[in-house]
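Listed below are the residues making up each chain.
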Amino acid sequence: MTGDDSLEENFLISPELTENLAVRQVVSAAARSLARSEQCRASLERKLLQKEFSPETVKVALDYLESKNYLDDARYASSWIRNHCAFKPQGRIRLLRELTSRGVKKTLAENAIRDYFISIPEESLCEEAFKKAASKKKDPQKILKSLADSGFSYSMIQKIFKNNKEGLNGTN
């Protein structure tokens, strides 16, 4: 049993695809990448094209993986947001910019962000980012810039500043 045979079992490569060696090779390469971590279509496509697979073959392989739900940009976006915000609290604006720069369609990114903020209020992430920034920076303008760079709206930042005047160590 070769490595490709086990991939065929795990990814259920259809017989019509296995007849096309080039598509099979792309599906196998993509499957190895997906086994390591969730990927979005655009980044996986870039990786496969860098391996010098033909664009047409890559498209067929990725369409196949999407049809079998092995590749799903909505799932990738949700996973990426959860993992990213666990270590670096960021607001809607920054998350949207990050996801779209990775190649996730804007509507999918917006939906994933909306769903994420249903379970975790954006204001609580802004509060967390404020406390982290205030512990490192004493100048309120630098804290404000840090929060704005993290993608929180100006109105939310103002609210957090108002609620945390004591957290600014007497400045403001």
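The structure we're discussing is the one just above.
Remember, it's a predicted structure, so these values are computed and weren't measured experimentally.

Undergrad: What should I look at first to understand the overall build of the protein chain in this one?
TA: Looking only at helices and strands, the protein chain features 11 helices and zero strands. In the protein chain, the succession of α and β elements from N to C terminus is α-α-α-α-α-α-α-α-α-α-α. When the 172 residues of the protein chain are sorted by exposure, 40% land in the buried category. For the protein chain, the proportion of contacts with a sequence separation of at least 24, taken over those separated by at least 6, is 58%. Accessible surface computed for the protein chain: about 10,000 Å², of which carbon and sulfur atoms make up 51%.

Undergrad: What should I look at first to understand helix α7 (residues 92-101) in this one?
TA: Residues spaced three or four apart along an α-helix point in a common direction, a consequence of the helix completing one turn every 3.6 residues. Three or more residues of α7 are buried, namely Arg 94, Leu 95, Glu 98 and Leu 99. The buried residues of α7 occupy an angular sector of 125 degrees when projected down its axis, which confines them to one face. Looking at the packing, one finds that the buried side of α7 touches α6 (73-87), α8 (106-119) and α10 (140-149). Note on α7: the residue one or two positions beyond its end, Gly 103, has a positive phi of about 105 degrees.

Undergrad: For this particular structure, what's the right way to read the environment of His 84?
TA: Within the secondary structure, His 84 sits in helix α6. As a C-alpha pair, His 84 and Leu 95 span 11 residues in sequence and 9.1 Å in three-dimensional space. Residues in contact with His 84, not counting those within four places in the same chain, are Gln 90 and Leu 95.

Undergrad: Honestly, unusual backbone geometry in this entry has me stumped. Any pointers?
TA: Trans peptide bonds make up the majority, and among non-glycine residues the majority have a negative phi. The phi dihedral of Glu 52 falls on the positive side, at around 70 degrees, and the residue is not glycine. One can find Glu 52 in the loop between α4 (41-50) and α5 (55-67). Assessed through its relative accessible area of 71%, Glu 52 is described here as exposed. Positive phi, normally seen in glycine, also occurs at Asn 69, with a value near 65 degrees. Classification of Asn 69 by relative accessible area gives partly exposed; the value is 43%.

Each value, and the rule that gives it
- Note that residues are indexed from 1 along each chain, following the sequence as it is written.
- Only residues with pLDDT of at least 70 get local features here, since the model is predicted, and only at 80 or more are side-chain atom pairs given and counted; chain-wide, interface and lining totals rely on the full set of residues.
- Values reported for side chains reflect all heavy atoms of the structure, with hydrogen atoms and water molecules removed beforehand.
- Only DSSP runs of H or I with at least four residues qualify as helices, and only runs of E with at least two residues qualify as strands; both kinds are numbered from the N terminus onward.
- Burial classification: accessible surface area is computed with a 1.4 Å probe over protein chains only, and a residue below 20% of its type maximum counts as buried, one above 50% as exposed, and the rest as partly exposed.
- What makes two residues a contact is simply this: any of their non-hydrogen atoms within 4.5 Å.
- Using the Shrake-Rupley algorithm and a 1.4 Å probe, accessible areas are obtained, with residue cover drawn only from the displayed protein chains.
- Here the arc refers to the set of directions running from the helix axis out to each C-beta atom.

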